[in-house]
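# Inside the fold
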Amino acid sequence: MADLKLSETRDLTRIERIGAHSHIRGLGLDSALEPRAVSEGMVGQTSARKAAGVILQMIKEGRIAGRAVLIAGQPGTGKTAIAMGMAKSLGLETPFAMISASEIFSLEMSKTEALMQSFRKAIGVRIKEETEVIEGEVVEVQIDRPAVAGAALKTGKLTMKTTEMEGVYDLGAKMIESLGKEKVQSGDVIAIDKPSGKVTKLGRSFSRSRDYDAIGPQVRFVQCPDGELQKRKEIVHCVTLHEIDVINSRTQGFLALFTGDTGEIRAEGVLFIDEVHMLDIECFSFLNRALENEMAPIVVVATNRGITTIRGTNYKSPHGIPIDLLDRLLIITTQPYTKDDIGKILDIRCQEEDVEMAEEAKALLTHIGVETSLRYAIHLITAAALACQKRKGKVVENEDITRVYNLFLDVKRSTQYLMEYQEQYMFSEASIGDGDEDGTNAMLS
Ligand SMILES: Nc1ncnc2c1ncn2[C@@H]1O[C@H](COP(=O)(O)OP(=O)(O)OP(=O)(O)O)[C@@H](O)[C@H]1O
């Protein structure tokens, strides 16, 4: 008989972002790195995608050290989408950290400390563990009730089997609790991680498939495992250095993470710094050095600025990036979208947001996208779906699009509105023109 001990474990879960780029699943390239027209959520922007694909190839061959990537292009031309596509193509587990350069300037941390933290969020460590598991079909869970309520801790016995053997294990209170939490009953196939005592339900044994009617279609049936009940199993987790820092700052943190024999393999990660022109000269010099470190993740920066002042200096430079750093960057440019591309991206977003839209309404929305911006048109999808829901409709029609188009202003109309009513706003140019240099009159009125 074996004794099962349960030590406290903390699951590391990352919060998945469901948002603007959730439809991007890769770069949509074929095996020859040629971009497919519409693939993995990606549309158009072919030369930028192809260039990104070549960079991925360099990453995979380990030939990118000391360099980084700059994606330059107008707002809303898919710079973030391409960076996301690169990260997704590197593998689902690839750490991808995204920051906007202005986040670095927080009060709690120094700029370089904050930059360092984001670097650590993008460096992954794959931890290979070999642990002992007990895997088999549950024959019986027997729990002894204490004679007097609350007098002693609960104990019990767990009988498990494989196709070749059967074993009985003593249960302690914690183990009983975790079996209860997973609602384990006889006929279930489970795995128990021995060092931590974590119980995972793998499914129901095929021998119980006649119970099917009673339990419903959501149950997964699996074969009763063969071989020994107790096995050594290899488990691979991918955690970032930042997650390790966080766990490490808690007591007993490391123990929870490293159980059994561990080996480490480093995983490539991607750090995406948006609005890179917001970094200042000190951060740029930090980046220059950090890129030379062999642990550095792939750094992809993006900007929509042209020739502008480098923050913290009086000098101007392309994209507001110092020439020495610029020289290390592989530069990809994105181009404005055609009407056809905008239509296809909107179509993908409708699917992603589960919104059914009539062809005519799609054409209208595409037209709006061309006249205003892709982002604005994407935002109208959810709003139009809500308008449709309100009138108890199932399919978004022209009327819903028109309604939300009139409710929410795009940049052009908002500017026009301000031009017409500027004297009613604080600090408006009009009040400065009137000789009220600091705008106090406008503020007080
Ligand atoms: N080629 C594309 N295929 C599919 N979706 C795209 C493509 N390009 C952009 N999108 C989507 O359009 C929206 C706007 O694009 P994105 O945020 O990538 O633009 P950006 O160039 O980073 O803008 P900014 O300069 O304002 O940061 C996002 O929801 C993005 O996922």
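These numbers were taken from a predicted model, which means no experiment stands behind them. (Residues numbered from 1 in each chain as written. Predicted model: local features only at pLDDT ≥ 70, side-chain atom pairs only at ≥ 80, totals over all residues. Heavy atoms only, no water.)

### Some points on the site of the ligand
Keep this limit in mind: Any residue with a non-hydrogen atom lying within 4 Å of a molecule or strand is treated as near it. Throughout this description, a polar contact denotes any pair of N or O atoms lying within 3.5 Å of each other; where both atoms belong to protein, one of them has to be capable of donating a hydrogen while the other can accept it, and for residues adjacent in sequence the pair is counted only when both atoms sit in side chains. Computed with a 1.4 Å probe, the accessible areas rest on the Shrake-Rupley method; for each residue, only the protein chains presented here act as cover.
Neighbouring the ligand are 22 residues; Val43, Lys79, Thr80, Tyr337 and Arg375 lie closest to it. Contacts to the ligand include Lys79, whose side-chain N or O atom sits 2.6 Å from an oxygen atom. At 3.0 Å from an oxygen atom of the ligand is found a main-chain nitrogen or oxygen belonging to Ala81. Here the ligand loses 96% of its free accessible area of 630 Å² to cover by the protein chains.

### Things to note about the pairing of strand β14 (residues 270-274)
Successive residues of a regular strand alternate their side chains across the two faces of the sheet. To keep things clear, this is the line we draw: Classification of residues uses two cut-offs on accessible area relative to the type maximum, computed with a 1.4 Å probe and protein chains only: under 20% is buried, over 50% is exposed, and between them is partly exposed. A run of H or I in DSSP counts as a helix once it spans at least four residues, and a run of E counts as a strand once it spans at least two, with each numbered from the N terminus. Strand pairing requires that DSSP identify at least two bridges connecting the strands. Viewed with both strands pointing away, a crossover whose connecting path from the first strand over the helix to the second turns clockwise is right-handed.
By the criterion of burial, β14 is predominantly enclosed, with five of the five residues buried. Of the two faces of β14, both are covered, the one formed by Val270, Phe272 and Asp274 as well as the one formed by Leu271 and Ile273. Where strand β5 (residues 96-100) lies against β14, five bridges are found, and the strand directions are parallel. Note that in β14 the partner of Phe96 across the bridge is Val270. In this structure, β14 lies alongside strand β15 (residues 298-303), joined through four bridges in parallel fashion. When the sheet's bridge partners are listed, Phe272 is paired in β15 with Val300. With respect to chirality, the unit in which β14 leads through helix α8 (residues 281-290) into the neighbouring parallel β15 is right-handed.

### Let's talk about the layout of surface pockets
The condition is simple: Think of a 1 Å grid over the protein atoms and nothing else: a 1.4 Å probe that fits but is trapped marks a cavity, an open set flanked by protein within 12 Å on at least five of seven lines marks a pocket, and residues with an atom within 4 Å of a point count as lining. Grid points are joined across faces, edges and corners, and a volume is the space filled by probe spheres set on the points. Ten residues, namely Ala, Val, Leu, Ile, Met, Phe, Trp, Tyr, Cys and Pro, are considered nonpolar, four, namely Asp, Glu, Lys and Arg, are considered charged, and the remaining ones, Gly among them, are considered polar. Domain segmentation is taken from an automatic or database assignment of domains.
Put simply, the second largest pocket is a space of about 600 Å³. In this structure, the second largest pocket is lined by 32 residues; those nearest its centre are His21, Gly78, Thr80, Ala81 and Arg375. The dominant element in the lining of the second largest pocket, judged by the number of residues it contributes, is helix α12 (residues 374-390), at four residues. A per-class count over the lining of the second largest pocket returns 14 nonpolar, 12 polar and six charged. Inspection of the lining of the second largest pocket shows a minimum of three residues originating in each of domain 1 (38-123 + 268-333) and domain 3 (339-408).

### So, the environment of Thr309
Put simply, the rule reads: Working rule for contacts: check all heavy atoms of both residues, and any pair within 4.5 Å makes them a contact.
Tracing the backbone shows Thr309 in strand β16 (residues 307-309). Under the relative-accessibility criterion, Thr309 is labelled partly exposed at 33%. Here the alpha-carbon distance between Thr309 and Asp280, two residues 29 residues apart in the chain, equals 9.9 Å. In contact with Thr309, not counting residues within four places along its chain, are Asn314, Tyr315, Lys316 and Gly320.

### A closer look at the nonpolar core
Cut-off, in case you're wondering: Throughout this description, the term nonpolar core refers to a set of buried Ala, Val, Leu, Ile, Met, Phe, Trp, Tyr and Cys residues connected via side-chain atoms within 4.5 Å.
Phe119, Ile273, Leu279, Phe284 and Ile321 are the most contacted members of the largest nonpolar core, which totals 29 residues. Looking at this core, the elements with two or more residues in it are β4 (68-72), β5, α3 (111-121), β14, α8, β15 and α9 (323-326). In contact with Ile321, not counting residues within four places along its chain, are Leu70, Val276, Phe284, Ile310, Leu326 and Leu329. Within the second largest apolar cluster, 27 residues are counted, among which are Val43, Ile345, Met357 and Leu374.

### Thoughts on helix α13 (residues 398-407)
Owing to its 3.6 residues per turn, the α-helix aligns residues three or four sequence positions apart on the same side. As a reminder of what qualifies: Within this analysis, the arc is defined by the directions that extend from the helix axis to the C-beta atoms.
Within α13, the full set of buried residues consists of Asp400, Ile401 and Val404. The arc that holds the buried residues of α13, viewed along the axis, is 100°, so those residues lie on one side. For α13, the secondary structure elements touched by its buried residues are α11 (359-371) and α12.

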